[in-house]
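# Coordinates in review
Read off the chains here:
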Amino acid sequence: MGRYVIRRLLQMIPVFFGTTLLIFLMVNVMGDPIAGLCGDRQCDPATAAQLRAEFGLDKPVWQQYLTYMGNVFTGDFGTAFNGQKVTELMATAFPITIRLTLIAIVFEIVIGISLGVVTGLRRGRPIDTTVLILTLVVISVPTFVTGLLLQLLLGVEWGVIKPSVSSDAPWNELIIPGLVLASVSLAYVTRLTRTSIAENARADYVRTATAKGLPRRRVVVRHLLRNSLIPVVTFIGTDVGALMGGAIVTERIFNIHGVGFQLYQGILRQNSQTVVGFVTILVLVFLAANLIVDLLYAVLDPRIRYA
Amino acid sequence: MRGATQARWAACAVAVALAATACGGGDDSGGGGADGIVSSSWGDPQNPLEPANTNEVQGGKVLDMIFRGLKQYDPKTGEAKNMLAEKIETTDSQNFTVTVKDGWTFSNGEKVTAASFVDAWNYGAALKNNQKNAFFFTQIDGYDKAHPESGTASTDKLSGLKVVDDKTFTVKLSQKFSLWPDTLGYPAFAPLPKAFFTDHDAWLAKPVGNGPYRIDKYAKGSAMNLRKWDEYPGGDKAQNGGIDLKVYTDNNTAYTDLTAGNLDLVDDVPASQLKNVKSDLGDRYINTPAGIIQTLAFPFYEAGWDTPKAAKVRQGLSMAINRQQITDQIFQKTRTPASDWTSPVLGEEGGFKKGLCGPACEYDKAAAKKLIDDNGGIPGGQLKISYNADTGSHKEWVDAVCNSINNVMGNNRACVGSPVGTFADFRSQVSQQKLTSAWRAGWQMDYPLIQNFLQPVYYTNASSNDGKWSDKKFDDLVDKANAETDKAKAVSTFQEAEKVMVEQMPVIPLWYQNGSAGYSDRIENVALNPFSVPVYDQIKVK
C-alpha cells in the first residue's frame, strides 16, 4: 500500500511538469499580452518594454518557464496585471469554488446514487422510465440553458433566490448554482449506478445474502451497493477536477467570483501568471482526486489489493 | 414503497435547498436600501487604480468619484470648467501659470497644494513608474528626458513644471497648444496626496482622493463601497449616501439583477437585451451619445493600400456600407451613422460637423461599385476585416458590413470577417503591423476636444496612428490649429484638416456610439456624461 502510494506520487511529477509546460506554451503562443493592456491605444514603447521586463516577458519562453517553476516552488505564483498577487487571487477564488464543488458533489452522491439505486432495483417500472427520460433531458440540455432558466424562474419570476451570488458567496446562495453545476454529472451518476446495481442484483452473493435472511436494507446497502459503487466512485472522483475547472459557465451565469471567473479573466487578458497558476493547482487537485479514487477501490472491494 | 420514500426524500432536499436560499441574503449587498446607497454594476479594473495608470472605463469610474482635478467637464455639455483651478493664465499659449483654489483638502485631511499636482504629474510621466497614461504629459517640456522612447531616463522630473508657492505653479509646454488647459479635466491630471508616495501599497489597497466620495471598503476584483465624503468642499456634493460598485462576471447577469430588483444601476445594457429593454424598463433606459466613434482602419505600411488609387477605393468602400440599416437593425439605434471623424458630444461649437464627410460617407451602391472597379478593385483582391471575437459582439456588425459591401460588389467573397481570439492578441497584431487588410478600430475621447479626435489617431507617427497613415497637409493643418489662440479659429482649422481626410479616407467612419444604461425605480436623476459614465454624484434615491 505504502509503496503503491509512493509510486503514484512519483508518477505525478512528470504529469505535473508536462501539463504546466503545455499550459505555459499555449498561453504564450497567443501573442503579446502587453498590447492589450493599453486599450484601443498602443502602449508607448518605453512603458511597454518596461512592463515586459517586469513580467519577464522579454526572455525566451523556456527561461520564463524555468523561472516561473522556480518561483512556484517557493510559493510565489507571480503577479496579475492589475497588480494583485496570484496567490491572493487564489485565496479568494478557491474557497468559493471548493464550496460550489462540494455542494455539487453532495448533490451527485445523494440524489444521483439514490435515484440510481431506486431505478436499478425497479427496472422497467414507471419510476425507472421516468427517471431515465428525466436524465436524458438533463444530459441533452446544455448547462447554460438550465442555469439561465433556473435563474430566470427562481430569481426573477418567483423571487425565491437572488439571481446573482454576492461577493462572499455564502453556502446558501450557492445551492442552486451547485445544483446547476451538478446537473449533467448527476444524471450520469444516476445512470451508472442504475446499470451497475441492475447487473449485480442477480449476482450470487446477493442471492446468498438474501438466503441468509438478512434484511433487505442491509443486502442493498452493504452488499449490492458497495460492490456496485466502483464505476460510480471513479466517475465522481474524476468529476471533482472537472467540476472545479469547468465551473466557468455556471460561475458566469450566477456571478460567482471563483476559479472559473479568474481563469476566464486570465485568458481574456492573456495573463499567463494567473492562468498557469490556477491550472497548476487544478492539475494537483485532479491528480490527488484520482489517487484517492484508486485507494478507495480497495476499501470498496477488498479483493483489490495494492502491493 | 422504498423507492417512493427515497424519491420523496430527494424532493424534500430540493425544497429545503430552495427554502434555505430564500432565507439567505438580505445583507449589505443587493439592492442597497439603507441611507440612500445606490448599487451599480462594475467590471474588474484591468490595471492598478492610479490616476495616470487607468485607461479603461471601469477604473475611470472610480477615479471620477474620488478625484477632482483643475478642470471638470460639464456632465451635460462636456465643456471644461474650472474646478480646483482658480485661474490658468497664458500670454503665448506655451507658458501657463496655474493658480490652485484655497480650501481644498484630500479626504485624509491633507491640503491640496500646487505641489500635489506637480508631484503627481512628475510621477505619472516618469518612465520608472510604468504608468500607462504617461503620454498625457508629452506636451510638457522635458517629457523626452523623463520618459525617453527607449533606453533609460536621465531624470524623473519634468523640467517644464515649477512650483512657485503653495497655490501657484507654472507649466512650460514643448510647443504651443492653446487648448491645453481644456485637457486638464482628464483623471490622469488629478492631484495626489503625500500618502500616495510614502506608502504606495497602502494607498493602492484603499485609494485616497479629493472627490465627493471616499472609499469605504475595497475588495479587489469583487466590490467597492464608496461613501459620501461629508467635508467635500466642491459645489458638486454627492446627492446620495454612497455607491456600492459590484463586479459582474457577465453584464447579462447584471441586467437580470436589475430586472429582479437586486441592483439599481447598469451602465452597460448587453446587446442581447436591447430588444427587451424598452418593455423591461420603459423610460428608465438611457441611450445618449458618448464620445466614441467606430471606424475601419487600413494598413498604410502595405504598399497596396498607400496609393492614390487606393484612396478612391476606400471612398468606394465607405459608400458601399449601409450605415443606417446596420445601426437600426444590429445595434437597435444605439449607434448613429457617422458623417465626420468626431462625435456629436463635441457640439457644433466644439467641432462636430454633421455631414462633413459628404457623399463619401453616404450609401450609394452604383457610385461605390464604380469607384472601386475604376480604381483597380480592392487591394489584394479581398477585404478582410479583423476584429477581436471575445468581447463587444463585433462579429455581428463586421458580418453586416461585409454583407453590405458584398452586395454592392456582387461578389460573395469581396469582403470577409477575420476573427482574432482575444483582445490582447488583436491589439498585438495591430500594433506590430501584422495585419495586411482592414481592421475594426475605434476612438474613445480622453477629453471633449476636436483635437483629441484627430491628432492622437491620424497625425504622422501619433501614439494611436496604428495604420501609419501620414499626410503632410493634414499634419500642417493640425499644427496650425494647435497654435491658434482663438478657440473658434482652432476648431475651424481642425475641420480643414478633416477635409483632407475626406479625400484620403485614412479610416472609414462607421458610427458614433451611444452610452446606454438602465436603472431601477428606486433612484432618479440618472444621466450619462459624455464619456458614457453615469454621473454618480447627482443620482438621488427616492
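Treat the numbers as computed from the prediction; the structure is a model and nothing was measured. (Residues numbered from 1 in each chain as written. Chains lettered and ligands numbered in written order. Predicted model: local features only at pLDDT ≥ 70, side-chain atom pairs only at ≥ 80, totals over all residues. Heavy atoms only, no water.)

So, about the overall build of chain B. Check the secondary structure of chain B and you find 17 helices and 19 strands. Computed over C-alpha atoms, the radius of gyration of chain B comes to 25 Å, within 12% of the 24 Å expected from 2.2 N^0.38 for 542 residues, which places it in the range of a compact globule. Expressed along its principal axes, the backbone C-alpha trace of chain B runs to roughly 80 × 75 × 45 Å. The proportion of buried residues among the 542 residues of chain B is 59%. If you take every contact in chain B between residues at least 6 apart in sequence, the share linking residues at least 24 apart comes to 68%. Carbon and sulfur atoms form 48% of the exposed surface of chain B, whose accessible area is close to 21100 Å². (Helix = DSSP H or I, 4+ residues; strand = E, 2+ residues; numbered from the N terminus. Rg over C-alpha atoms; globule rule 2.2 N^0.38 Å. Buried < 20%, exposed > 50% of the residue type's maximum accessible area, 1.4 Å probe, protein only. Contact = heavy atoms within 4.5 Å. Areas by Shrake-Rupley, 256 points an atom, 1.4 Å probe, with all protein chains shown as cover.)

Time to look at the packing of aromatic side chains. Residues and elements named next belong to chain B. For the structure shown, the criterion picks out 33 aromatic pairs over all chains. Summarising the aromatic geometry, the rings of phenylalanine 196 and tryptophan 203 are spaced 4.8 Å apart at their centres and angled 80 degrees between planes, so their arrangement reads as edge-to-face. The two residues phenylalanine 196 and tryptophan 203 agree in class, both being buried. Arranged with centres 4.8 Å apart and planes meeting at 40 degrees, the rings of phenylalanine 298 and tryptophan 305 form a pair that is tilted. By relative accessible area, phenylalanine 298 is classed as buried at 1%. (Phe/Tyr/Trp six-rings, centres within 6.5 Å; stacked < 30°, edge-to-face > 60°.)

Moving on to the UniProt feature "domain: ABC transmembrane type-1" (unreviewed entry) in chain A. The UniProt record annotates "domain: ABC transmembrane type-1" (unreviewed entry) at residues 94–297 of chain A. Between the first and last C-alpha atoms of residues 94–297 of chain A the distance is 28 Å; the span itself is 80% helix and 0% strand. (UniProt positions renumbered as here; feature names shortened; annotations may be inferred.)

Here we come to the environment of Thr67(A). Residue and element names in this part refer to chain A. On the secondary structure map, threonine 67 appears in helix H3 (residues 61–73). When the C-alpha positions of threonine 67 and glycine 56 are compared, they lie 8.9 Å apart, and in sequence the two are 11 residues distant. Only 2.5 Å separates the side chain of threonine 67 from the backbone oxygen of glutamine 63, close enough to count as a polar contact. (Polar contact = N/O pair within 3.5 Å; in protein donor to acceptor, adjacent residues only side chain to side chain.)

Residue-level contacts link 57 residues of chain A with 66 residues of chain B. In total, about 5400 Å² of surface goes out of reach between chain A and chain B, with carbon and sulfur atoms giving 54% of it. Contact with chain B buries area across many residues of chain A, yet Asp40(A), Arg41(A) and Gln42(A) alone supply 14% of it, more than any other trio. At the junction of chain A and chain B, the tally comes to 2 salt bridges. Ionic pairing is found between Asp250(B) and Arg252(A), a salt bridge with its closest N-O pair at 3.4 Å. Taken together, the connections running from chain A to chain B amount to 20 residue pairs in polar contact (both at pLDDT 80 or more). (Buried area = accessible area lost by both parts, 1.4 Å probe. Salt bridge = Lys/Arg side-chain N within 4 Å of Asp/Glu carboxyl O.)

Residues and elements named next belong to chain B. Taken as a whole, chain B is organised into domain 1 (52–198) and domain 2 (289–514). For domain 1 versus domain 2, the distance between C-alpha centres works out to 31 Å. In this assembly, 14 residues from domain 1 lie in contact with 14 residues from domain 2. Approximately 1200 Å² of surface area, both sides summed, lies buried where domain 1 meets domain 2, with 64% of it carried by carbon and sulfur atoms. Taken as a group, Phe177, Ser178 and Leu179 account for 33% of the area that domain 1 buries against domain 2, more than any other trio of residues on that side. At the surface where domain 1 touches domain 2, the tally comes to 1 salt bridge. One salt bridge connects lysine 487 with aspartate 182, and the closest N-O pair in it is separated by 3.6 Å. (Domains from an automatic or database assignment.)

Take a negative patch on the surface next. Taken together, the side chains of Glu86(B), Asp102(B), Asp165(B) and Asp166(B) make up a negatively charged region of the molecular surface. Following the sequence through the fold, Asp166(B) ends up in the loop between strand E6 (161–163) and strand E7 (168–172). (Patch = residues over 30% accessible without salt bridge, like charges linked within 9 Å, V, L, I, M, F, W, Y side chains within 5 Å. Lys, Arg positive; Asp, Glu negative; His and termini not counted. Charge placed at Lys NZ, Arg CZ, Asp CG, Glu CD.)

Let us now look at the state of the cysteines. Residue and element names in this part refer to chain B. Under the defined criterion, the tally for this structure stands at 2 disulfides over all chains. Here cysteine 357 is linked by a disulfide to cysteine 361, with a sulfur-sulfur distance of 1.9 Å. Residues cysteine 357 and cysteine 361 share a disulfide whose torsion about the S-S bond is about 70 degrees; that sign makes it right-handed. For the pair shown, cysteine 357 and cysteine 361 are each scored as buried. Two residues share a disulfide in this structure: cysteine 402 and cysteine 415, whose sulfurs sit 2.0 Å from each other. The disulfide joining cysteine 402 to cysteine 415 has a torsion of about -55 degrees about its S-S bond and is therefore left-handed. Taken together, the positions of cysteine 402 in helix H13 (residues 394–409) and cysteine 415 in strand E15 (residues 415–420) put the pair 13 residues apart, joining distant regions of the chain. Of the residues examined, cysteine 402 reaches a relative accessible area of 3% and is grouped as buried. You can call cysteine 415 buried: its relative accessible area is 2%. (Disulfide = S-S within 2.5 Å.)

Looking now at the side chain of Asn122(B). All names here are of chain B. Secondary-structure assignment places asparagine 122 in helix H3 (residues 114–125). Here leucine 158 takes part through its backbone nitrogen, which lies 2.7 Å from a polar atom of the side chain of asparagine 122. Dropping the residues within four chain positions of it, asparagine 122 is found in contact with Asp156, Lys157, Leu158 and Leu161.

Take the packing of helix H4 (residues 86–121) of chain A against helix H5 (residues 126–140) of chain A next. Residues and elements named next belong to chain A. Interhelical geometry of H4 versus H5 gives an angle of 135 degrees and a closest axis separation of 8 Å. Taken together, the axes of H4 and H5 lie oblique to each other. In this structure, H4 crosses over H5, and the sense of that crossing is left-handed. Residue-level contacts link Leu115, Val118 and Thr119 of H4 to Ile127, Asp128 and Val131 of H5. The class makeup of the residues in the contact of H4 with H5 is 4 nonpolar, 1 polar and 1 charged. (Axes fitted to C-alpha atoms, helices over the stretch in contact; angles between N-to-C directions. Parallel < 35°, antiparallel > 145°, perpendicular 65-115°, else oblique. Left-handed = near helix turned anticlockwise from the far one by under 90°. Nonpolar A, V, L, I, M, F, W, Y, C, P; charged D, E, K, R; others polar.)

Attention shifts here to the sheet that holds strand E4 (residues 85–90) of chain B. All names here are of chain B. If you trace the 4 strands from one edge of the open sheet to the other, you get E4-E5-E7-E6, paired in antiparallel fashion. Two strands bound the open sheet, and with one partner strand each, they are E4 and E6. Averaged over all neighbouring strand pairs, the angle between strand axes comes to 20 degrees, with direction disregarded. (Pairing = 2+ DSSP bridges.)

It is worth spelling out the UniProt feature "transmembrane region" (unreviewed entry) in chain A at this point. Residue and element names in this part refer to chain A. UniProt feature "transmembrane region" (unreviewed entry): in the numbering of this structure it lies at residues 12–31, 96–119, 131–154, 174–192, 224–249 and 275–300. End C-alpha atoms of residues 131–154 are separated by 23 Å, and the span's content is 92% helix alongside 0% strand. As a span, residues 224–249 carries 92% helix and 0% strand, and end to end its C-alpha atoms are 37 Å apart.

Residues and elements named next belong to chain B. Tracing the chain through its elements places serine 404 in helix H13. At 2.8 Å, the side chain of serine 404 forms a polar contact with the backbone oxygen of alanine 320. Residue contacts for serine 404: discarding those within four places in its chain leaves Ala320, Ile321, Asn322 and Tyr363.

This paragraph deals with the environment of Lys176(B). Residue and element names in this part refer to chain B. Following the sequence through the fold, lysine 176 ends up in the loop between E7 and helix H5 (194–198). Classification of lysine 176 by relative accessible area gives partly exposed; the value is 43%. Sequence spacing of lysine 176 and alanine 517 is 341 residues, and the spatial spacing of their C-alpha atoms is 39 Å.

What follows is about the domain arrangement of chain A. Taken domain by domain, chain A comprises domain 1 (1–74) and domain 2 (93–269). The C-alpha centroid of domain 2 of chain A is placed 34 Å from the C-alpha centroid of domain 1 of chain A.

With that settled, consider the pairing of strand E12 (residues 285–297) of chain B. Residue and element names in this part refer to chain B. A large share of E12 lies buried, amounting to 10 of its 13 residues. With 6 bridges joining them, E12 and strand E16 (residues 439–444) adopt antiparallel strand pairing. Considered in E16, the bridge of leucine 296 is made with arginine 440.

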